[in-house]
Every structure is written in structure tokens, then in C-alpha cells.
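# Coordinates in review
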Amino acid sequence: QKEVEQNSGPLSVPEGAIASLNCTYSDRVSQSFFWYRQYSGKSPELIMSIYSNGDKEDGRFTAQLNKASQYVSLLIRDSQPSDSATYLCAATSGGSNYKLTFGKGTLLTVNP
Amino acid sequence: EAGVVQSPRYKIIEKKQPVAFWCNPISGHNTLYWYLQNLGQGPELLIRYENEEAVDDSQLPKDRFSAERLKGVDSTLKIQPAELGDSAVYLCASSLTMSGYQYFGPGTRLLVL
């Protein structure tokens, strides 16, 4: 069973701080990794993707990937109350049968 | 560009009754996914379509669940008969090809009493 593990939280940070969300995956041949944001009562929306080891920055968001450690993270700089949501980490399966496996998500609360 | 459309948004039924969910993907998206999401969990894939072909239905409980995607556009997911444990949010998503870049519809919240 290929798994994606996340700390369910809740993670609480003050406005303006850096929020750090972490994720590990079990399938060593996973190639692609995604962060989805899900507001309460809404559906997931893609915010970041990463394929190569290292950092990828997009505005206030930075995704980090370490394939040797099977570790993915998402940093949110200058956190805003509007960032309060559940963040889902997802990884694609290796092999020919493509499948996106989601973690349980981490609930982030940004306090004004 | 219109997003993924799902209906109904909410459904309450009694156990053992049938229920059906409908999804219209983003225009031009060949790949369509049905996911189930329980409270506090991430989405779990039920079935993936490439055009009209179901290419991954390994997680679909085939004794009570069925799905179809006629003409490779709209899709319907059916449960018959529904059980109490089927209460969840059913999400439809689409992408241009099989990809992690998926666009989700608003979901159908099912409550089985």
C-alpha cells in the first residue's frame, strides 16, 4: 500500500509568520509531488507541484523535495488568515498505472 | 472557462436506496476521476477514465458501485444499494491527460440514513 503521511495538525501560526507543512511518502519510485489546498466545505485546488530535488518557489509558497529522504514540504511565507485551510500532499505512483495518492492533510490556522 | 460541474450538491437517502451522481468535466479534458473523501481524510480514487475507457477501477466496490462515461465527456457514478458507510463527499476531477494537475468539482455530499 503506497502511502503519503502528513501530520494532521492543527498547525497554528500567527499572521506574518512562516508556516511549514511536511509530508513523507513510501513509494520510492514516485516522481511527481503536489500540494493542494482545501478550504472548509470546498474542494481541493492545486497550488504547487515539484518534480526535482531542491526548492521551487511561487510567490509566498516554496515547495521542497528530498527524494533520498522521501520527504516533501511546503513553506508559506508571510502567512495570512486567508491561508487557513487544510493542505493536502499528493504523490504519483511509480510504474505504468498512474495514480495520485493523497495524504490526510494538515489543517493550518493563521491567527490575526 | 467553466470548471468541473457536479450535481446534485447534496443528497440524503435511506440505506438500501439507489443514488446517482453526475459530473461534467472541463471542456477538452480527456481524463476524468471519481474520488471519495471522508471527513478528515484525503481524497481516495474510485475510478479513472481516459476518454470513455475505465483504465483504473481497482478501488471501486463493484458489488454496489458502477460508473460510466458515455461519449467520453459526462460521467455518472451510481451506488445501489447505498449503505450507511457510504456517507461521504464524492468528488469528480478532470485533467487534460493523466496528470497530477487535476481540477476538482464542488463535490456531492451524500448522507445515508
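Scope of this entry: the structure provided in the associated data block.

The rules behind each value
Residues numbered from 1 in each chain as written. Chains lettered and ligands numbered in written order. Predicted model: local features only at pLDDT ≥ 70, side-chain atom pairs only at ≥ 80, totals over all residues. Heavy atoms only, no water. Pairing = 2+ DSSP bridges. Helix = DSSP H or I, 4+ residues; strand = E, 2+ residues; numbered from the N terminus. Axes fitted to C-alpha atoms, helices over the stretch in contact; angles between N-to-C directions. Contact = heavy atoms within 4.5 Å. Polar contact = N/O pair within 3.5 Å; in protein donor to acceptor, adjacent residues only side chain to side chain. 1 Å grid on protein atoms, 1.4 Å probe; cavity = no way out; pocket = protein on both sides within 12 Å on 5 of 7 lines; lining within 4 Å. Points joined across faces, edges and corners; volume = space filled by probe spheres on them. Nonpolar A, V, L, I, M, F, W, Y, C, P; charged D, E, K, R; others polar. Patch = residues over 30% accessible without salt bridge, like charges linked within 9 Å, V, L, I, M, F, W, Y side chains within 5 Å. Areas by Shrake-Rupley, 256 points an atom, 1.4 Å probe, with all protein chains shown as cover. Salt bridge = Lys/Arg side-chain N within 4 Å of Asp/Glu carboxyl O. Buried < 20%, exposed > 50% of the residue type's maximum accessible area, 1.4 Å probe, protein only. Buried area = accessible area lost by both parts, 1.4 Å probe.

Further remarks concern the sheet that holds strand 6 (residues 54-58) of chain A. All names here are of chain A. In spatial order, the strands read 1-3-8-7-6; together these 5 strands make up an open sheet with antiparallel pairing. Each of the sheet's edge strands pairs with one partner strand only, and the pair in question is strand 1 (4-6) and strand 6. Averaged over all adjacent pairs, the angle separating strand axes in this sheet is 20 degrees, with direction ignored.

Glancing now at the environment of S73 of chain A. All names here are of chain A. Mapped onto the elements of the fold, S73 is located in strand 8 (residues 71-76). For the pair S73 and L21, spaced 52 residues apart in sequence, the C-alpha separation works out to 5.5 Å. In this view, S73 contacts L21, N22, W35, T62, A63 and Q64; residues no more than four positions away in its chain are not counted. In terms of polar contacts, S73 uses its side chain to reach the side chain of Q64, at 2.8 Å.

The gaps of empty space that remain are located by a probe, the size of a water molecule, rolled over the atoms. Residue and element names in this part refer to chain A. Here the structure, examined in full by the defined rule, presents 1 cavity of 30 Å³ or more. K2, E3, V4, Y25, S26, D27, S30, A91, T92, S93 and T101 are the residues that line the largest cavity. Class assignment of the residues belonging to the lining of the largest cavity gives a composition of 3 nonpolar, 5 polar and 3 charged.

All names here are of chain B. Together, I12, L111 and L113 line one region of the surface with nonpolar side chains, adding up to about 310 Å² of accessible area. Tracing the backbone shows L111 in strand 11 (residues 108-112). On the basis of relative accessible area, L111 is assigned to the partly exposed category, the value being 39%.

Our focus in this paragraph is the pairing of strand 7 (residues 65-68) of chain B. Residue and element names in this part refer to chain B. Sheet topology note: the strand 7/strand 8 (residues 75-79) ladder contains 4 bridges and is antiparallel. Following the sheet pairing, S66 is matched in strand 8 by K78. Between the antiparallel neighbours strand 7 and strand 8 lie 6 residues, among them K71 with a positive phi of about 60 degrees.

Looking now at the interface of chain B and chain A. Facing the 21 residues of chain B at the interface are 18 residues of chain A. For the pair chain B and chain A, the summed buried surface comes to about 1600 Å²; carbon and sulfur atoms form 51% of the total. Broken down residue by residue, the surface that chain B buries against chain A is led by G100, Y101 and F104 of chain B, which jointly contribute 30%. Applying the counting criterion to the chain B and chain A interface returns 0 salt bridges. Inspection of the chain B/chain A interface yields 7 residue pairs in polar contact (both at pLDDT 80 or more). When grouped by side-chain class, the residues that make up the side of chain B that touches chain A number 9 nonpolar, 9 polar and 3 charged.

Nothing here speaks to function; it is all geometry.
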